[in-house]
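Breakdown of the fold
The chain contents come next:
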Amino acid sequence: MIEALTDIREQALRELQEAKTLQDAEAAKYKFLGRKGLIAGLFGRMRDLSVEERPEAGQALNRLRTELEAAAEAALAKFARKKDALSIDTTLPGRMSHLGALHPLTLVTRHIIDIFRQMGFRVARGPELETVYYNFDALNTPPWHPSRDETDTLYLPNGFVLRTETSPVQIRVMESTQPPVRIIAPGRVYRRDKPDATHSPMFHQVEGLYVDVGVTMADLKGTLIAFYRALFGQDTAVRFRPHFFPFTEPSAEVDVNCFFCAGKGCRICKGTGWIEMGGSGMVDPNVLDGVGYDSEKYTGWAFGLGIERVAMILYGIDNIRTLYDGDVRFLKQYI
Ligand code: DAH
């Protein structure tokens, strides 16, 4: 009996393992484990054994049956997987895959970068998690300046802030390079603003900086006029309005003429005929000295502008939130 068990075990394991098709495996399972299979036959032969021999033989047979059942499952599983792979119906129509698209903010940022690249500027980047030093102190921001208020700035422990502007990138670039410097720095900025149709606590800016010997306000005006005309069209009018920024002196806000009412005055330009685009000015000598540049030798200009504002004008978007909702029906328009 025990000899028969050993033979059948070997034979069964071999046949199950060597099965090349699902049918082979099923046939082997049936041959050994089927209702009239070889294992069942051995159980039948128990009758021929003496009462003393039966318990031991019965246990051995049960063990063998369990082992072979597991081996049969394993053999069948191999083919089940192959069967799934083959069950693809190639006559069904294909599934549509949707084309991805660049986000309008990405498109506008790249467009702005392209325009400045052609004028010899390179892209620089800085951290969004910034220190109070780079975000305010190094930019000559006095302790009393309202932009430092906790109501405007998102402060973090240990002297960190979420940067409120891309201007700190100017400092980082100047600290690590010598003039001539010509960079633009796009990126996210954060302010403690209540979200509404034109405000978001996170938005994007582009910073520009040019420092060299003999750089003047005329260079600033010429460059920004060329930039805004490349962006909005050659007949765009650009206006520089005196203003104050801690890091520039003199400083100016930059407006372009309102495209929506052709300068006549409408809701979008609040009746002024002009749309405010950003700030600019001649880099304050204190800032240059602070990074170790000789402010007697070098001069420079800088500007900053909001990217959302540009995207909203270019694409006629009237609510800033549509830029962050991630609604594919909206985003699809910009493929
Ligand atoms: N950082 C300013 C802001 O967020 C914008 C700005 C103004 C940047 C003048 C400049 C500049 O580089 O020269 O409002």
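Since we're looking at a predicted model, the values are computed, not measured.

Another aspect to go through is the environment of Ala80. Mapped onto the elements, Ala80 comes out in helix α4 (residues 54-86). Assessed through its relative accessible area of 39%, Ala80 is described here as partly exposed. Sequence separation between Ala80 and Leu22 is 58 residues, and the spatial gap between their C-alpha atoms is 7.8 Å.

Another point: the site of the ligand. Lining the immediate surroundings of the ligand are 15 residues, of which Glu165, Ser167, Arg191, Gln205 and Glu207 lie closest. The separation between a nitrogen atom of the ligand and a polar side-chain atom of Glu165 is 2.7 Å. Between the ligand and the protein, one listed contact pairs an oxygen atom with a backbone N or O atom of Ala302 at 3.1 Å. Taken together, the elements giving at least two residues each to the shell around the ligand come down to β6 (202-213), β9 (274-283) and β10 (298-306). In the shell around the ligand, the residues fall into four nonpolar, eight polar and three charged.

So, about the sheet that holds strand β2 (residues 129-131). The three strands lie next to each other as β2-β4-β3, forming an open sheet whose pairing is antiparallel. Of all the strands in the sheet, the pair left with one neighbour each is β2 and β3 (155-156). Here three bridges tie β2 to strand β4 (residues 160-162), and the two strands are oriented antiparallel to one another. Paired with Thr131 across the strands is Phe160, a residue of β4.

Moving on, we come to a nonpolar patch on the surface. On the surface, Leu129, Leu156 and Phe160 cluster together to form a nonpolar patch covering roughly 240 Å² of accessible area. Its place among the elements puts Leu129 in strand β2. Classification of Leu129 by relative accessible area gives partly exposed; the value is 47%.

Spatial ordering of the open sheet is given by β1-β5-β6-β10-β9-β8-β7, a layout of seven strands whose pairing is mixed. What marks the edges here is a single partner per strand, and that holds for β1 (122-123) and β7 (238-245). Strand direction decides the pairing type here: β1 and strand β5 (residues 181-190), joined by two bridges, are parallel. Opposite Val123, over in β5, you have Ile184 as the bridge partner. Along the sheet face, helix α5 (residues 104-118) touches β1, β5, β6 and β10 and points at about 165° away from the line of β5. Across the face of the sheet, helix α7 (residues 168-176) comes into contact with β1, β5, β6 and β10 while running at roughly 40° to β6.

Another aspect to go through is the side chain of Asn257. Mapped onto the elements of the fold, Asn257 is located in strand β8 (residues 248-257). Engagement of the side chain of Asn257 in a polar contact is seen with the backbone nitrogen of Ala237, the distance being 2.9 Å. Look past the residues within four positions of Asn257 in its chain and what remains in contact with it is Thr236, Ala237, Gly273 and Trp274.

What follows concerns the packing of α5 against helix α8 (residues 217-232). Helices that pack against each other are described as a pair by the angle of their axes relative to one another and the distance between those axes. Their axes nearest at 10 Å, the elements α5 and α8 cross at an angle of 135°. With respect to α8, the axis of α5 lies oblique. When the axes of α5 and α8 are compared, the crossing they make is right-handed. Here α5 contributes His111, Ile112, Ile115 and Phe116 to the contact with α8, which in turn contributes Thr223, Leu224, Phe227, Ala230 and Leu231. Residue composition of the contact of α5 with α8, grouped by class: seven nonpolar, two polar and no charged.

Definitions and cut-offs
Residues numbered from 1 in each chain as written. Predicted model: local features only at pLDDT ≥ 70, side-chain atom pairs only at ≥ 80, totals over all residues. Heavy atoms only, no water. Helix = DSSP H or I, 4+ residues; strand = E, 2+ residues; numbered from the N terminus. Buried < 20%, exposed > 50% of the residue type's maximum accessible area, 1.4 Å probe, protein only. Near = heavy atom within 4 Å. Polar contact = N/O pair within 3.5 Å; in protein donor to acceptor, adjacent residues only side chain to side chain. Nonpolar A, V, L, I, M, F, W, Y, C, P; charged D, E, K, R; others polar. Pairing = 2+ DSSP bridges. Patch = residues over 30% accessible without salt bridge, like charges linked within 9 Å, V, L, I, M, F, W, Y side chains within 5 Å. Areas by Shrake-Rupley, 256 points an atom, 1.4 Å probe, with all protein chains shown as cover. Salt bridge = Lys/Arg side-chain N within 4 Å of Asp/Glu carboxyl O. Contact = heavy atoms within 4.5 Å. Axes fitted to C-alpha atoms, helices over the stretch in contact; angles between N-to-C directions. Parallel < 35°, antiparallel > 145°, perpendicular 65-115°, else oblique. Left-handed = near helix turned anticlockwise from the far one by under 90°.

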